[in-house]
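# Overview (structure and organization)
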Amino acid sequence: MASDDVPLVVETSGSVTPIKRSAYTNVDVDRELIVRAQGGDSSAQAAIVEQFSPMVFRLIGRFFRVREDVEDIAQDVFIKLLTRFDQVRPDDNFPGWLARVTVNTCYDELRRTQRRRTAMETYGPELSKDRSSASPEADSFDRLRAGLQALDPKLRIPLVLKEVEEMSVEEISRTMALTQTNIKVRLFRARKKLAKFLGEKE
Amino acid sequence: MKKIEEFFRQERQRVFLPDAYFVQRVMARLSRKAEDVGVWDMVRKPSRSVLVLAVAMLLCFFALDVFIPVMPQLGPVDMTLESEQGPVETRVLSGTEDDGQEFIQELIAMEGEQ
């Protein structure tokens, strides 16, 4: 597993390719492989899935905690990628493009999850809130997690990309196709809402 | 504040990695999807709305053409009289108000031919 300063290492057909944390722009991509995959070469397509699946899993895992959810969304991302490969220009920043597709897919799924959660809270059974057995630290982390999940995906995604994925504002703006000012405003609002949520709970 | 930092640090350590069969599953899903491709899937998403609009307009024109009868250019009286008109009369009826000497000469010539 990748720790804070150790780069994530991906095994790709025998060779080891380091992927820098929070730097989706600096990953070496075989241009020839992309051209072949665009031409319908299934072995090239499989190689691309193999090379980039750790990056996609890692990014999705920032927003979803259940492995099955992560796997399902990752499959959706690669199906989208492989069915729209004609939109990829081999000379462009392919990992950045893939990161954008991944974040957009996560955004759609988070919106769906949020709608389901709202419906459950409105019409579903009342859940037990007895947490007397949990440790104080776990309890505060649970509150933070709940606060993060309660955030609108529009605010949650930039906050998670900044604080957990350690992307720069510029990288987030490119990934989300928004201006840097917009990202800064969203980050500010997300932090404020999270602090307010925690303040209310305490 | 420290707790928030600690929380984000813990979140950073939570990394999912694909299992050994992930690529096969994606490729299998892709080939299954390729088998199910219909005409609609072949049209790119941004072009679909244009295509729908074009088809709808075409259907509208077709419906107008089929269900709204074409207005005849001549009424029943004109149509009956038209069959009885000679070329000179036709020429006089279709001529303009300010037909000059040339026009009269032309009519005389036509009368002569008859």
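Treat the numbers as computed from the prediction; the structure is a model and nothing was measured. (Residues numbered from 1 in each chain as written. Chains lettered and ligands numbered in written order. Predicted model: local features only at pLDDT ≥ 70, side-chain atom pairs only at ≥ 80, totals over all residues.)

### With respect to the overall build of chain B
For chain B, the helix and strand inventory stands at seven helices and zero strands. Each helix and strand of chain B, placed in order from N terminus to C terminus, yields the pattern α-α-α-α-α-α-α. Sorting the 114 residues of chain B into buried and exposed places 5% on the buried side. (Helix = DSSP H or I, 4+ residues; strand = E, 2+ residues; numbered from the N terminus. Buried ≥ 20, exposed ≤ 12 C-beta atoms within 10 Å, placed from the backbone.)

### Here we look at the overall build of chain A
Scanning chain A from terminus to terminus reveals eight helices and two strands. Ordered by position in the sequence, the α and β elements of chain A form the string β-β-α-α-α-α-α-α-α-α. The buried share of chain A, taken over its 202 residues, is 29%. Put simply, of all contacts in chain A between residues at least 6 apart along the chain, 63% involve residues at least 24 apart. (Contact = placed C-beta atoms within 7 Å.)

### Let's talk about the packing of helix H2 (residues 42-61) of chain A against helix H3 (residues 67-83) of chain A
Helix-helix packing is characterised by the crossing angle of the two axes and by the distance between the axes. Residue and element names in this part refer to chain A. Here H2 crosses H3 at 135°, and the two axes come no closer than 10 Å. For the element pair H2 / H3, the angle class is oblique. Here H2 and H3 pass one another in a crossing that is right-handed. Judged by residue contacts, Gln-45, Val-49, Ser-53, Val-56, Phe-57, Ile-60 and Gly-61 of H2 engage Val-70, Ile-73, Ala-74, Val-77, Phe-78 and Leu-82 from H3. Grouping the amino acids of the contact of H2 with H3 by side-chain chemistry returns ten nonpolar, three polar and no charged. (Axes fitted to C-alpha atoms, helices over the stretch in contact; angles between N-to-C directions. Parallel < 35°, antiparallel > 145°, perpendicular 65-115°, else oblique. Left-handed = near helix turned anticlockwise from the far one by under 90°. Nonpolar A, V, L, I, M, F, W, Y, C, P; charged D, E, K, R; others polar.)

### Quick look at the nonpolar core
A:Val56, A:Ile60, A:Ala74, A:Val77, A:Phe78 and A:Leu98 are the most contacted members of the largest nonpolar core, which totals 41 residues. In this structure A:Leu98 touches A:Phe52, A:Val56 and A:Leu81, once residues within four positions along its chain are discounted. (Core = buried A, V, L, I, M, F, W, Y, C linked by C-beta atoms within 7 Å.)

### Thoughts on the interface of chain A and chain B
Of the residues lining the interface, 26 residues belong to chain A; the matching set on chain B comes to 20 residues. At the level of elements, H2, H3 and helix H5 (136-150) of chain A are the ones that each hand at least two residues to the side of chain A that touches chain B. Counting residues per element, the side of chain A that touches chain B draws most heavily on H2(A), at nine residues. Split into classes, the residues belonging to the side of chain A that touches chain B amount to 14 nonpolar, seven polar and five charged.

### A look at the packing of H3(A) against helix H2 (residues 22-35) of chain B
Orientation of H3(A) relative to H2(B), taken along the N-to-C sense of each, is 50°, at an axis distance of 10 Å. Here H2(B) runs oblique to H3(A), going by the angle between their axes. Every pair of crossing elements has a handedness; the one defined by H3(A) and H2(B) is right-handed. Two secondary-structure elements touch here, H3(A) through A:Gln75, A:Phe78, A:Ile79, A:Leu82 and A:Thr83 and H2(B) through B:Arg25, B:Val26, B:Arg29, B:Leu30 and B:Lys33. When its residues are assigned to classes, the contact of H3(A) with H2(B) shows five nonpolar, two polar and three charged.

### Brief notes about H3(A)
Taking 1.5 Å per residue as the helical rise, H3(A) with its 17 residues ought to reach 24 Å, and the 24 Å between its terminal C-alpha atoms agrees with that figure. Within H3(A), burial applies to A:Val70, A:Ile73, A:Ala74, A:Val77, A:Phe78, A:Leu81 and A:Leu82. (Expected span 1.5 Å × (residues − 1).)

### Considerations on the environment of A:Glu171
All names here are of chain A. With respect to the helices and strands, the residue Glu-171 is situated in helix H7 (residues 169-176). Overall, Glu-171 belongs to the buried group, with 20 C-beta atoms counted inside 10 Å. Taking the C-alpha atoms as reference points, Glu-171 and Gly-96, separated by 75 residues in sequence, lie 8.6 Å from one another.

### Some details on the confidence of the model for chain B
All names here are of chain B. In this model, chain B carries an average pLDDT of 80, and 93% of its residues clear a pLDDT of 70 or more. Mean pLDDT values over the elements of chain B span from 72, in helix H6 (residues 87-94), up to 90, in helix H4 (residues 45-67). Overall fold confidence for the complex sits at a pTM of 0.64, while the interface term, ipTM, reaches 0.71. (pLDDT = per-residue confidence, 0-100.)

### Some points on unusual backbone geometry
Residue and element names in this part refer to chain A. Positive phi is not limited to glycine here, since Glu-166 has a value of about 55°. Tracing the backbone shows Glu-166 in the loop between helix H6 (153-163) and H7. One non-glycine residue with positive phi stands out, namely Ala-177, at about 55°.

### Topic: the confidence of the model for chain A
All names here are of chain A. This prediction gives chain A a mean pLDDT of 79; 76% of its residues lie at or above 70. Predicted confidence in chain A is weakest over strand E1 (residues 8-12), with a mean pLDDT of 38, and strongest over H3, with 93. Across residues 1-22, confidence stays below pLDDT 50; counting only partners more than four residues off in sequence or on other chains, it has 36 contacts.

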